[in-house]
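Reading the structure
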Amino acid sequence: MSSETVLPACFILYEMTVRTRYAPSPTGEPHLGNMRTALFSWLLARHYGGRFFLRIEDTDQARYIESGIEAQMEALRWLGLTWDEGPDVGGPYAPYTQSKRLKIYREHADRLVAEDHAYLCYCSPERLDGVRKAQQVRKEPPRYDRHCRGLSPEERRAVEAEGTSPVVRFKTPLDGETVTHDVLRGSVTFQNETLDDFVLLKSDGYPTYHLAAQVDDHLMETTHVLRGEEWLPSAPRHFLVYQAFDWEPPAFAHLSRILGPDRSKLSKRHGAHAALEYREQGYLPDAVVNFLALLGWSLDDHTEIIDRDMLIRHFDLDRVLTNPAVFNAEKLVWMNGVYIREMPDQRLADEAAPFLERHLARPIDRELFMRIIPLVKERIKLLSEIVDMADFFFTNGDLKYDVETLLGKRYASDPAAALKALEAATERLEAADGWEHGRLEAAVRPLAEEFGVKTGELFGVLRVAVTGKTATPPLFETMEVLGHKRTLERLRSAIKRLRGETGAK
Ligand code: GLU
């Protein structure tokens, strides 16, 4: 990285309005890599008090998916990456959907043709295929052979008479070099002879990315284009387009790839899913934002928990890295747990309740839920874990567990002893002086010694009897919240089951 390319940008940024954009192609579900690009663009705009806009790049009709635009917006909304201009909210450079700007691209393509920076190409797909195959045989890189670049006006008239609709191709200089600049990576020089005459406008009237994105970034006054590293090889084409129009290119920053921990391409195998699946799984947007920010950026060499305000305050391109970022799914889970623990109880209850309500298929008693929150807050890392941790507070009737689970290891071969312990504990709890967890524990704990078992073994049986599970919030606090009546009912029901199913007396 050369300091020349970084420093002036940083100084100048405070003087100008930073305009960044997220420009998705609606071809599928957005994944976390997309959201990382969106986040970095958003953070840069927010840091400099600039504008962040959303542009829909729907020019590839074959890959277009109807739900793609909404999925992108929903993912941005979920993560709180608000846009100031976009297809839904409008803005000074509307429309923000490329399929509604075809006239603009056509005019710009025409201008390049008129100024001899582009030409019409009538080659059929069959001909192009033949050219490609011949190049393969000769072990040459596949590229257009510039057949139409030199058509005479008569030749052009002849093919036009056949009714062939042309594409518009860029007239790449045959020699010389093109220098591209990247804020993160410095300058790279490309020999023009290695570049091809790429298509700007397709025969269906839709532009390619090479034309549309440059025209829009210029017209929409984008100051910084943050995009994936996969666009780096196309950068010389884009610089050539800017040059041909005689426009100043924006600052480009190509963000590094995101790899799995084994350094292969990130996939589901590494625990990476579509962005909105993280919502389903109970991740918090703040945690995901924090996690994504650290995929290629750092505050310093050690800080991991950085909230949104702090990100906005400190984010800048000078700490964006170019080496691949490694996705660590466990770190995201850990981070989510940290954010859950830091949430106010009421907010956590609001966020977590829908998970339980979906599971139970009915609304839950929110007052009761607020009493449960402090018991589970330290124990869940994902909101979805609330279901396993707390559903038994809301179920009525018999719990589902089998007698082996109730007996546990200690009592597996001695159900009679378990029965005695359960009966004694139930009696003590019935007689407890006030339904408060300290008192409940004081009433039951001495029984372990009396029966010659470990407290954990005794409490284990009670836990399954009262909750149906082996891992729960602390036993006596759970009993306190569950209440006198339901706790005793569940204990009695366990006693009955033990008698009935094991014959213990
Ligand atoms: N539509 C392009 C994509 O989804 C955007 C690249 C860019 O940000 O310029 O990859």
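Here the structure is shown first, and the text comes after it.
Throughout what follows, the structure given in this document is the object of discussion.

Criteria and thresholds
- Residues numbered from 1 in each chain as written.
- Predicted model: local features only at pLDDT ≥ 70, side-chain atom pairs only at ≥ 80, totals over all residues.
- Heavy atoms only, no water.
- Helix = DSSP H or I, 4+ residues; strand = E, 2+ residues; numbered from the N terminus.
- Buried < 20%, exposed > 50% of the residue type's maximum accessible area, 1.4 Å probe, protein only.
- Areas by Shrake-Rupley, 256 points an atom, 1.4 Å probe, with all protein chains shown as cover.
- Lys, Arg positive; Asp, Glu negative; His and termini not counted.
- Charge placed at Lys NZ, Arg CZ, Asp CG, Glu CD.
- Contact = heavy atoms within 4.5 Å.
- Pairing = 2+ DSSP bridges.
- Disulfide = S-S within 2.5 Å.
- Core = buried A, V, L, I, M, F, W, Y, C linked by side-chain atoms within 4.5 Å.
- Axes fitted to C-alpha atoms, helices over the stretch in contact; angles between N-to-C directions.
- Near = heavy atom within 4 Å.
- Polar contact = N/O pair within 3.5 Å; in protein donor to acceptor, adjacent residues only side chain to side chain.
- Arc of directions from axis to C-beta.
- Parallel < 35°, antiparallel > 145°, perpendicular 65-115°, else oblique.
- Phe/Tyr/Trp six-rings, centres within 6.5 Å; stacked < 30°, edge-to-face > 60°.
- Lys NZ or Arg CZ within 6 Å of the ring centre and 35° of its normal.
- Left-handed = near helix turned anticlockwise from the far one by under 90°.
- Nonpolar A, V, L, I, M, F, W, Y, C, P; charged D, E, K, R; others polar.
- Salt bridge = Lys/Arg side-chain N within 4 Å of Asp/Glu carboxyl O.

**So, the overall build of the protein**
A tally of regular secondary structure across the protein gives 22 helices and 11 strands. In the protein, which comprises 505 residues, the share counted as buried stands at 49%. Only carbon and sulfur atoms are counted for the fraction: they give 51% of the accessible area of the protein, which is about 23,800 Å². Measuring between centres, the 66 positive side-chain charges of the protein sit 4 Å from its 78 negative side-chain charges.

**Details of helix 10 (residues 285–293)**
Counting buried positions along helix 10 yields 7 of 9 residues, so the element is predominantly enclosed. Taken together, the buried positions of helix 10 are occupied by Ala 287, Val 288, Val 289, Asn 290, Phe 291, Leu 292 and Ala 293. Where helix 10 is buried, its residues contact helix 2 (32–47), helix 3 (68–79), helix 11 (308–314) and helix 12 (329–342).

**As for the pairing of strand 5 (residues 177–182)**
Every other side chain in a regular strand lies on the same face of the sheet, so the side chains alternate between the two faces. Judged by which residues are buried, strand 5 turns out to be one-sided: Thr 178, Thr 180 and Asp 182 face inward and are buried, whereas Glu 177, Val 179 and His 181, on the alternate face, are not. Bridge analysis of strand 5 against strand 6 (residues 186–191) gives 6 bridges, and the strand direction is antiparallel. Within strand 6, the residue paired with Thr 180 across the bridge is Val 188. As consecutive antiparallel partners, strand 5 and strand 6 are separated by 3 residues.

**Topic: the state of the cysteines**
What the rule picks out here adds up to 0 disulfides. Free of any disulfide, Cys 148 has its nearest neighbouring cysteine sulfur in Cys 123, separated by 3.6 Å. According to the relative accessible area criterion, Cys 148 is buried, its value standing at 2%.

**Brief notes about the environment of Lys 420**
Its place among the elements puts Lys 420 in helix 17 (residues 415–431). For Lys 420, a relative accessible area of 47% translates into the label partly exposed. Separated by 31 residues in the primary sequence, Lys 420 and Phe 451 have C-alpha atoms spaced 9.0 Å apart.

**A word on the nonpolar core**
Where a protein is soluble and globular, its nonpolar side chains tend to be buried together. With 118 residues, the main nonpolar core has Trp 297, Phe 369, Ile 386 and Leu 462 as its most contacted residues. In terms of residue count, helix 2 provides more of this core than any other element does, 9 residues in total. Leaving out residues up to four positions away in the same chain, Phe 369 has contacts with Ala 349, Ala 352, Ala 353, Leu 356, Ile 364, Ile 386 and Phe 394.

**Remarks on the sheet that holds strand 3 (residues 118–121)**
Strand order across the open sheet formed by 3 strands is 3-4-7, with antiparallel pairing between neighbours. Both edges of this open sheet fall to strand 3 and strand 7 (199–201), since each of them pairs with a single strand only. Sheet twist, expressed as the mean angle between neighbouring strand axes with direction ignored, is 45 degrees. Sheet analysis places strand 4 (residues 167–170) next to strand 7, joined by 2 bridges and oriented antiparallel. Bridge pairing in strand 7 links Val 168 to Leu 201.

**Side note on the site of the ligand**
Around the ligand sit Arg 21, Ala 23, Pro 24, Ser 25, Glu 57, Tyr 209, Arg 227 and Trp 231, and those are all the residues in its vicinity. Within the backbone of Ala 23, one N or O atom sits 2.8 Å away from a nitrogen atom of the ligand. For the ligand, the protein covers 82% of the area, taking 300 Å² as the surface of the free molecule.

**A word on helix 18 (residues 437–444)**
At 3.6 residues per turn, the α-helix brings residues three or four places apart onto the same side. Listing the buried residues of helix 18 in full gives Leu 440, Ala 443 and Val 444. The buried residues of helix 18 occupy one face: seen down the axis, they fall within an arc of 90 degrees. Elements in contact with the buried residues of helix 18: helix 17, helix 19 (446–451), helix 20 (455–467) and helix 21 (475–482).

**Points about the packing of helix 17 against helix 20**
The interhelical angle for the contact between helix 17 and helix 20, taken along N-to-C directions, is 75 degrees, at an axis separation of 10 Å. When the interaxial angle is binned, helix 17 and helix 20 end up roughly perpendicular. Two secondary-structure elements touch here, helix 17 through Ala 421, Leu 422 and Ala 425 and helix 20 through Leu 458, Val 461, Leu 462 and Ala 465.

**Thoughts on the packing of aromatic side chains**
Per the stated rule, a full pass over the model turns up 14 aromatic pairs. Ring centres of Tyr 209 and Trp 231 lie 3.9 Å apart, and the angle between their planes is 25 degrees; on these two criteria the pair is classed as stacked. Pair noted here: Tyr 209 is in helix 7 (residues 209–219) and Trp 231 is in the loop between strand 8 (224–228) and helix 8 (235–245), with a separation of 22 residues, a long-range link. Of the residues examined, Tyr 209 reaches a relative accessible area of 16% and is grouped as buried. Through pairs of rings, three or more aromatic residues link up here, namely Phe 239, Tyr 242, Phe 245, Trp 247 and Phe 252. Geometry around Tyr 401 places Arg 497 over its ring, the cationic atom sitting 4.6 Å from the centre.

**Some points on the packing of helix 13 (residues 345–360) against helix 14 (residues 366–376)**
Between helix 13 and helix 14, the shortest axis-to-axis distance is 10 Å and the interhelical angle comes to 115 degrees. Classified by the angle between their axes, helix 13 and helix 14 sit roughly perpendicular to one another. Regarding helix 13 and helix 14, the two cross each other, and that crossing is right-handed. Contact residues: Asp 345, Gln 346, Leu 348, Ala 349, Asp 350, Ala 352, Ala 353, Leu 356 and Glu 357 in helix 13; Arg 366, Phe 369, Met 370, Ile 373 and Pro 374 in helix 14. Looking at the contact of helix 13 with helix 14 residue by residue, the classes come out as 9 nonpolar, 1 polar and 4 charged.

**Digging into the pattern of salt bridges**
Between side chains of opposite charge, a pair can form as their charged atoms come close. Across all of its chains, the model carries 43 salt bridges by this definition. A salt bridge links Asp 216 to Arg 101; the shortest N-O distance between them is 2.9 Å. Taken together, the positions of Asp 216 in helix 7 and Arg 101 in the loop between helix 3 and helix 4 (102–114) put the pair 115 residues apart, joining distant regions of the chain. Here Asp 391 and Lys 469 are joined by a salt bridge, their closest N and O atoms 3.0 Å apart. Here Asp 391 is found in the loop between helix 15 (386–390) and helix 16 (403–411), whereas its partner Lys 469 is found in the loop between helix 20 and helix 21, with 78 residues between them in sequence.

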